[in-house]
Number of protein chains: 2
Amino acid sequence: MLPRGRPRALGAAALLLLLLVIGFFLFRGDLDCERSEREASGGGGDPRSLPRSLTPRVLPDERPRPRGTAAFDGDPPADPGGHNGSDCIPPRPRPPKCELLQVAIVCAGHNSSRDVITLVKSMLFYRKNPLHLHLVTDAVARNILETLFHMWMVPAVQISFYNADELKPQVSWIPNKHYSGLYGLMKLVLPSALPPDLARVIVLDTDVTFASNIAELWALFAHFSDKQVIGLVENQSDWYLGNLWRNHRPWPALGRGFNTGVILLRLDRLRQAGWEQMWKLTATRELLTLPATSLADQDIFNAIIKEHPWLVQPLPCVWNVQLSDHTLAERCYSEASDLKVIHWNSPKKLRVKNKHVESFRNLYLTFLEYDGNLLRRELFGCPRPPPPGAEQLQRALAQLDEEDACFEFRRQQLTVHRVHITFLPHKPPPPQPHDVTLVAQLSMDRMQMLEALCRHWPGPMSLALYLTDAEAQQFLRFVETSVVLSARQDVAYHVVYREGPLYPINQLRNVALAQALTPYVFLSDIDFLPAYSLYDYLRASIQQLELGSGRKAALVVPAFETLHYRFSFPSSKAELLALLDAGSLHTFRYHEWPRGHAPTDYARWREAQAPYHVQWAADYEPYVVVPRDCPRYDPRFAGFGWNKVAHVMELDAQEYELLVLPEAFVIHLPHAPSLDISRFRSSPTYRDCLQALKDEFHQDLSRRYGAAALKYLTALQQPRGPT
Amino acid sequence: MLPRGRPRALGAAALLLLLLVIGFFLFRGDLDCERSEREASGGGGDPRSLPRSLTPRVLPDERPRPRGTAAFDGDPPADPGGHNGSDCIPPRPRPPKCELLQVAIVCAGHNSSRDVITLVKSMLFYRKNPLHLHLVTDAVARNILETLFHMWMVPAVQISFYNADELKPQVSWIPNKHYSGLYGLMKLVLPSALPPDLARVIVLDTDVTFASNIAELWALFAHFSDKQVIGLVENQSDWYLGNLWRNHRPWPALGRGFNTGVILLRLDRLRQAGWEQMWKLTATRELLTLPATSLADQDIFNAIIKEHPWLVQPLPCVWNVQLSDHTLAERCYSEASDLKVIHWNSPKKLRVKNKHVESFRNLYLTFLEYDGNLLRRELFGCPRPPPPGAEQLQRALAQLDEEDACFEFRRQQLTVHRVHITFLPHKPPPPQPHDVTLVAQLSMDRMQMLEALCRHWPGPMSLALYLTDAEAQQFLRFVETSVVLSARQDVAYHVVYREGPLYPINQLRNVALAQALTPYVFLSDIDFLPAYSLYDYLRASIQQLELGSGRKAALVVPAFETLHYRFSFPSSKAELLALLDAGSLHTFRYHEWPRGHAPTDYARWREAQAPYHVQWAADYEPYVVVPRDCPRYDPRFAGFGWNKVAHVMELDAQEYELLVLPEAFVIHLPHAPSLDISRFRSSPTYRDCLQALKDEFHQDLSRRYGAAALKYLTALQQPRGPT
């Protein structure tokens, strides 16, 4: 007899089993979800592989894929198929708030430096995490980027530089036909070049633009199985299929291969796995039958992956939308709800033909023209050490009194402007003992002076340009379309980004002066055209006057002005004197402010055959040639007034001789009064502030030069004209 | 005897039970997740309430909350507590790709119109969905915004306007002390004002800025229980606690109350629930004891919620980070990983004091200065009807030949510029039969002319300004700080946003001309200063010459020029003639291009006592006064050359008399050549293109005026000077 209890118990057991099975099927997908989330926030190391089933939907690969290389393509939560139990894709994981993300970029030369800044702007715009940028640079890029980041002072961004020249020998043996040259190949050596304790890094090409938070990309590390070391997006062209043209023989790759514009690298595992030996072996072997790499590092990465497919974690296509010449990217972006990273991987860059390129370009232009100052945004709730100098600056700013009538002036002089030195390609002048660089500053409204200036001054120039980020791009186009300007590689343009209401004239002069590379500088202003012979004449004079032998002298270049737009520039001193006598030319500011140049003694200059000494007098502000190590301009003078006067006073205090050159001259061309000068001419506060700044300058001068500075104070107390 | 099987079966059952229980606890949270996701993407109507447990973490309310009003605060996935089973918050839900999102904004007047554009720019920047904007506007805002959106042509954005004046009677009975005036209160009547088939809408104040995708906000509708009709963020100040100052008596509210800068409205349910009666009853009752609303609609919303707490769905604090004067928002944003919406709800707006305000301001400035043209981005994979005119434009652009040397010109003339009419507050001139508006156009480099122009012309002006979005803000500050300019409300400034390499001079003139509101216009240029008496003299002349009676005439204002910056403007014709004789003044372009004004016959003008007729001649380009309905300028002439000549030719073709006024004059002030003119003076292509454009213009003229236009062709073939 079967006891009654038994079937009941069995029934209960069966019911429970059924429930459990139902429960399992109901919840299975969510377990995956939860695990993925845990991985994403907890940070890696989980040995389990990615959820199965992630057959590529967006860029289907016609060839069978080896196990372990399935890509999850598209933007998970927006997948047309929707979210279902067996197809669970982690819902937008993010690393924990305040986790430090690591990014590496290889960058060399002037043009790549501009590109990398646009990339960094896009990354910073969307980021919510602290970042550590590892920049592998040549000397040019390092000089540019180190200066820029130093002045940029973005909170929660740390920068490390690595010398690309030192890495060159490791890759220079590889024949390469790609436009990125040797620098592209350097991505291969990052595991050894980056610090040994750095375990993970996102590697980016300079021609990518972010359209989303980089933390979402970082979170994909959590999906790596314990064998996977490289995260990559599939290549969005048929290049590696080898059917683009007859006899096209690409490097070996898995299916369409992968693109290396965006890479997730597990550096720790790569080092353990003997990466260096691995890629060198593969490259050497392939180069037995292939003449060179066509796509630099990408060919080698793909050859390795073909051989060791378990190394790669395919990433969703939206993380590297490739706008190459024969792109198939539309399959990706038309299904995804969200583009994450755009990659301009055609040599044509923004000029690539593509029916949607206008929309992508708009995103790129957004960051190209974005005011980088606005990225000085704090990450709330993420305490990080402030950028160098930022605390000191904050303290100084905090001490300012907003009610002070001169607040604007005081704030302007404390402003740390972003500076992009050598914005355009530039060849430093060959070292010559008497060479002289013309130093000046300008903003957009004086751009049209540049061509004439280039015609008048055949020597090196160092020019500071006060521009917005958008204007810097206008300037770039202006130079590119000018035959005169684009022919000159000895003109260094340093962009100082606009910030604040006053034109920081002396800060600009100091930037241009600091970047002059010849032993002497001619401190000029942008509205002046030099005599055609001035460059040669100055070098000859420097030599004749033996300034090289430690003689402290400022050579005065007499200044004139014309009130007419159309006038033919005198080709000699004799012609100039004739125009002066005819009333077509005047000595500079003769009508409004003769004191500024009176000590030059124009009457004596007319007759002079040799350089002659003049004495400093109050308000003297000649244009001078001095050694490069001359005193800097006082940055407290922003806007208009007294900016040069103070500098010449300082030269005098340091006992520079003032020597007027008999054949030298510059002529000021007319222009409408600038907006700033118009704004302040009518402002009584402006005059009061200028007076206050002058007084403070005098006090500082007395402090530095003692009794010798007394004469400046005495001079100041004499009756004087308008400032 | 107990059978052996029984305990085994029981044991199995117990084991299964245990597994099931464990399974249940393991998976419970994910069920919530999954359901929430389904709700988010499936779209509402689900009768289940939000997952429990969402105790406020960020802005804890000290008072007990009624059931059903628990807020989920902070940014879910970044919650420091992390994701756990019982506290599940849906992971970043999004509505399906391409779902249309509905947004309503109340906007009145010139200043709010500027604000709303910045808000819309921030919203468009992050959005990935089609949007339908419902704008409740007064006549001024409608005029501005309708023009702007029409020219903006952003893909996948639909605009509907609702007349605020018609809604006024519904709220004007409520006494209100808030700075938003009646317009704030209008949010209360949206359920009846918006189309009856509109079920859900996001309502925004004009002073909010998006820092994220609005689709994430829309997705929160999915969390509404079936009783909830309003989604709101808790108020982030102690205002409604009533302890801000002695005798502070706020309106009733639940705890800290809610802020109505960002509202999710279930319009369908509100209408069903008899919303109109509900809010009117509550308001009427409270107004028995309270004198007026202090915070407009927000007081009334809070009073209703206090009474019917089940109506509200509290939203995470990040969706309305309130930077009011006594804000407690830091509790919200320092814990959240992501700010979604910033609300500048202090009357001080951006000048509010807050230790983090700089970072918030940077986000705001991002969109204030953002080039709105870049928002003309397609939503890939979301087919939507193109904006009106966009298809036609695309067709015309597609027909252009990029290799054509004149491509830039042809493209520029097709460019549809965004136009923001009456960018600053403006009072239309009172209707007067002989009144005349000065019409001109300028860009940033002529801004300093405005003050002088205002001093010389006391009448109405309509000025088109060609600016970037960032420059428009500089212009705003320039006007605000100028005593002269800010005193004038009869000067209408119309901002035409920059796009393309050529200055679209005739398009700008047409914008300014179309916006002139007086019967006559004086078509001038920005570099000219009119005689002080010109405005009065022109009105008198119009009356005397009986132009009102249908006489078709163009009154010529003779033009002169000075080559000196500093010159004292002649106060009469006699003084002008004396300066002319002394050589300090010249007739305009006497030296370079006398043909342009020769037909004015300056010799006759010297002696003339009465208006005299002159005949058209080739290249004549006088400054004229004409009726407002005169022919428009030909937009094909962009950049420099022939832009006025073509217009005067058209006046002549339409048989306008040309009458020179004997006492009228304008004087051109000197300025440096603009960047564009410098760029093109050296370009031979430029001359060729201008010639091609001229030829095409002549062909069009012949087509329109037949044989009568022959004389222009004949005139053209005579030998001529430079253009």
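Residues numbered from 1 in each chain as written. Chains lettered and ligands numbered in written order. Predicted model: local features only at pLDDT ≥ 70, side-chain atom pairs only at ≥ 80, totals over all residues. Heavy atoms only, no water.

The name recorded for chain A in an unreviewed UniProt entry is LARGE xylosyl- and glucuronyltransferase 2 isoform X2, from Tursiops truncatus. Under Cofactor (unreviewed entry), UniProt gives the following word-for-word description of chain A: "Mn(2+)". Per UniProt, chain A has the following entry under Subcellular location (unreviewed entry): "Golgi apparatus membrane". (UniProt positions renumbered as here; feature names shortened; annotations may be inferred.)

Caption draft 1: Inspection of the overall build of chain A at higher detail. Counting secondary structure elements, chain A contains 25 helices and 23 strands. Buried positions account for 60% of the 723 residues belonging to chain A. Restricting to contacts in chain A with at least 6 residues of sequence separation, those with at least 24 account for 80%. Of the roughly 28800 Å² of accessible surface on chain A, 54% is carried by carbon and sulfur atoms. (Helix = DSSP H or I, 4+ residues; strand = E, 2+ residues; numbered from the N terminus. Buried < 20%, exposed > 50% of the residue type's maximum accessible area, 1.4 Å probe, protein only. Contact = heavy atoms within 4.5 Å. Areas by Shrake-Rupley, 256 points an atom, 1.4 Å probe, with all protein chains shown as cover.)

Caption draft 2: Molecular detail of the sheet that holds strand β9 (residues 321-322) of chain A. Residue and element names in this part refer to chain A. Taking strand neighbours across the sheet as the criterion, the 3 strands line up as β5-β10-β9 in an open arrangement whose pairing is mixed. Here the strands that pair on one side only, and so sit at the sheet edges, are β5 (208-210) and β9. Where β9 and strand β10 (residues 341-343) come together, 2 bridges link them in parallel fashion. Bridge pairing in β10 links Val-321 to Ile-342. Of the strands in this sheet, β5 and β10 touch helix α12 (residues 357-368), which is tilted by about 80° from β5. (Pairing = 2+ DSSP bridges. Axes fitted to C-alpha atoms, helices over the stretch in contact; angles between N-to-C directions.)

Caption draft 3: Region of interest: the environment of Leu-244 of chain A. Residues and elements named next belong to chain A. Secondary-structure assignment places Leu-244 in the loop between β6 (230-234) and β7 (258-266). Leu-244 gets classed as partly exposed once you look at its relative accessible area, which sits at 30%. Along the chain, Leu-244 and Ile-144 lie 100 residues apart, while their C-alpha atoms are 39 Å from each other. Ignoring any residue separated from it by four or fewer positions in sequence, one finds Leu-244 in contact with Asp-238 and Trp-239.

Caption draft 4: Here's a closer look at unusual backbone geometry. The phi dihedral of Asp-619 of chain A falls on the positive side, at around 70°, and the residue is not glycine. Locating Asp-619 of chain A in the fold gives a position in the loop between β20 (612-613) and β21 (623-627). Take Asp-619 of chain A: its relative accessible area is 2%, and that puts it in the buried class. In the Ramachandran plot, Ala-296 of chain B falls in the positive-phi region, its phi being about 55° despite a non-glycine side chain. For Ala-296 of chain B, a relative accessible area of 0% corresponds to the buried category.

Caption draft 5: Representation of the nonpolar core in the model. Core analysis: the largest hydrophobic core is formed by 128 residues, its most contacted members being Leu-204, Phe-210 and Leu-217 of chain A together with Leu-204, Phe-210 and Leu-217 of chain B. Ignoring anything within four residues of it in the chain, the contact list for Phe-210 of chain B reads Leu-119, Ser-122, Met-123, Tyr-126, Leu-204, Leu-217, Trp-319, Lys-340, Val-341, Leu-363 and Phe-367 of chain B. (Core = buried A, V, L, I, M, F, W, Y, C linked by side-chain atoms within 4.5 Å.)

Caption draft 6: Region of interest: the state of the cysteines. Residue and element names in this part refer to chain A. Summed over all chains, the structure comprises 6 disulfides over all chains. Here Cys-98 connects covalently by a disulfide to Cys-382, the sulfurs 2.0 Å from one another. Between Cys-98 and Cys-382, the S-S dihedral sits near -95°, and the bridge is therefore left-handed. One end of the pair, Cys-98, is in the loop between α1 (5-42) and β1 (101-107); the other, Cys-382, is in the loop between α12 and α13 (390-399), and 284 residues separate them in sequence. Judged by relative accessible area, which is 9%, Cys-382 ranks as buried. Indicated for chain A is the disulfide connectivity 1-4, 2-3, 5-6, based on numbering the bonded cysteines in sequence order. (Disulfide = S-S within 2.5 Å.)

Caption draft 7: Geometry of the packing of helix α14 (residues 407-414) of chain A against helix α24 (residues 684-705) of chain A. Residue and element names in this part refer to chain A. The N-to-C vectors of α14 and α24 enclose an angle of 50°; their axes lie 9 Å apart at closest approach. On the basis of their axis angle, the class for α14 and α24 is oblique. Together, Phe-409, Arg-410 and Gln-413 of α14 and Tyr-686, Cys-689, Ala-692, Leu-693 and Glu-696 of α24 make up the contact between the two elements. Considering only residue class, the contact of α14 with α24 consists of 5 nonpolar, 1 polar and 2 charged. (Parallel < 35°, antiparallel > 145°, perpendicular 65-115°, else oblique. Nonpolar A, V, L, I, M, F, W, Y, C, P; charged D, E, K, R; others polar.)

Caption draft 8: Seen up close, the packing of aromatic side chains. A complete count under the given rule lists 65 aromatic pairs over all chains for this structure. Taken together, a centroid distance of 5.7 Å and an interplanar angle of 70° make the contact between Phe-637 of chain A and Phe-697 of chain A edge-to-face. In this pair, Phe-637 of chain A is assigned in the loop between β21 and α22 (643-653) and Phe-697 of chain A in helix α24, connecting sequence segments 60 residues apart. Comparing Phe-637 of chain A with Phe-697 of chain A shows no difference in burial state: the two are buried. Plain terms: the ring middles of Phe-560 of chain B and Trp-605 of chain B are 5.4 Å apart, the flat faces sit at 45° to each other, and that makes the pair tilted. Highlighted residues: Phe-560 of chain B in strand β18 (residues 559-562) and Trp-605 of chain B in helix α21 (residues 602-607), separated in sequence by 45 residues. Neither residue differs from the other here; Phe-560 of chain B and Trp-605 of chain B are each classed as buried. Among the aromatic side chains, those forming a connected cluster through ring pairs are Phe-125, Tyr-126, Phe-367 and Tyr-370 of chain A together with Phe-125, Tyr-126, Phe-367 and Tyr-370 of chain B. The lysine or arginine in question, Arg-418 of chain A, covers the ring of Trp-152 of chain A, its NZ or CZ lying 5.7 Å from the ring centre. The lysine or arginine in question, Arg-509 of chain A, covers the ring of Tyr-633 of chain A, its NZ or CZ lying 5.1 Å from the ring centre. (Phe/Tyr/Trp six-rings, centres within 6.5 Å; stacked < 30°, edge-to-face > 60°. Lys NZ or Arg CZ within 6 Å of the ring centre and 35° of its normal.)

Caption draft 9: Just helix α15 (residues 449-456) of chain B, in detail. Residues and elements named next belong to chain B. Of all 8 residues that make up α15, 6 are buried, and the element is covered over most of its length. Listed in full, the buried residues belonging to α15 are Met-449, Leu-450, Glu-451, Leu-453, Cys-454 and His-456. The elements touched by buried residues of α15 are β12 (436-443), β13 (461-467), α16 (469-481), α17 (483-486), β14 (491-497) and β16 (528-530).

Caption draft 10: Seen up close, helix α15 (residues 449-456) of chain A. All names here are of chain A. Residues of α15 that are buried: Met-449, Leu-450, Leu-453, Cys-454 and His-456. Buried residues of α15, viewed axially, fall in a sector of 165°; they line one side. Turning to α15, the residues buried within the fold contact β12 (436-443), β13 (461-467), α16 (469-481), α17 (483-486), β14 (491-497) and β16 (528-530). (Arc of directions from axis to C-beta.)

Caption draft 11: Examining the domain arrangement of chain A more closely. All names here are of chain A. The domains assigned to chain A are domain 1 (101-371) and domain 2 (419-716). Placing a centre on the C-alpha atoms of domain 1 and another on those of domain 2 gives a separation of 45 Å. The interface of domain 1 with domain 2 comprises 14 residues on the first partner and 12 residues on the second. When domain 1 packs against domain 2, the two sides together hide about 1200 Å² of surface, and 59% of this comes from carbon and sulfur. It is His-110, Arg-114 and Glu-369 in domain 1 that bury the most area against domain 2; as a group they hold 42% of the surface buried on that side. Where domain 1 touches domain 2, the interface holds 1 salt bridge. (Domains from an automatic or database assignment. Buried area = accessible area lost by both parts, 1.4 Å probe. Salt bridge = Lys/Arg side-chain N within 4 Å of Asp/Glu carboxyl O.)

Caption draft 12: Representation of the sheet that holds strand β17 (residues 553-557) of chain A within the structure. All names here are of chain A. Taken in spatial order, the 9 strands make up an open sheet running β11-β14-β13-β12-β15-β21-β17-β22-β20, and their pairing is mixed. The two strands at the open ends of the sheet, each matched to only one other strand, are β11 (419-420) and β20. Across 3 bridges, β17 lies against β21 in antiparallel orientation. Within β21, the residue paired with Val-557 across the bridge is Tyr-623. Here helix α18 (residues 505-514) sits on the sheet and contacts β11, β12, β13, β14 and β15 (520-523); the angle it forms with β12, its principal contact strand, is near 145°.

Caption draft 13: Quick look at the packing of helix α22 (residues 643-653) of chain B against helix α24 (residues 684-705) of chain B. All names here are of chain B. Look at α22 against α24: their axes get within 12 Å of each other, and the N-to-C directions meet at 15°. Comparing their axes, α24 and α22 come out roughly parallel. The way α22 lies across α24 gives a crossing that is right-handed. Across the interface between the two elements, Ala-646, Met-649, Glu-650 and Ala-653 from α22 touch Phe-697, His-698, Leu-701, Arg-704 and Tyr-705 from α24. Residue classes in the contact of α22 with α24 are distributed as 6 nonpolar, 1 polar and 2 charged. (Left-handed = near helix turned anticlockwise from the far one by under 90°.)

Caption draft 14: Structural detail: the pattern of salt bridges. Tallied over the full model, the rule gives 70 salt bridges over all chains. Residue Lys-168 of chain A is joined to Asp-165 of chain A by a salt bridge in which the shortest nitrogen-to-oxygen separation is 3.7 Å. You can see Lys-168 of chain A and its partner Asp-165 of chain A sitting in helix α4 (residues 164-171), 3 residues apart, about one turn around the helix. A salt bridge links Arg-446 of chain B to Asp-527 of chain B, with the shortest nitrogen-to-oxygen separation between them at 2.8 Å. Taken together, the positions of Arg-446 of chain B in the loop between β12 and α15 and Asp-527 of chain B in the loop between β15 (520-523) and β16 put the pair 81 residues apart, joining distant regions of the chain. Judged by relative accessible area, Arg-446 of chain B falls into the buried class, the value being 12%. A network of salt bridges, in which partner residues are shared, links Lys-121, Asp-371, Arg-418 and Asp-469 of chain A.

Caption draft 15: Looking closely at the pairing of strand β22 (residues 657-660) of chain B. Residue and element names in this part refer to chain B. With 4 bridges joining them, strand β17 (residues 553-557) and β22 adopt parallel strand pairing. Residue pairing across strands places Ala-553 opposite Glu-657, the latter belonging to β22. When strand β20 (residues 612-613) meets β22, the two strands line up antiparallel, connected through 2 bridges. Bridge pairing links Tyr-612 to Val-660 in β22.

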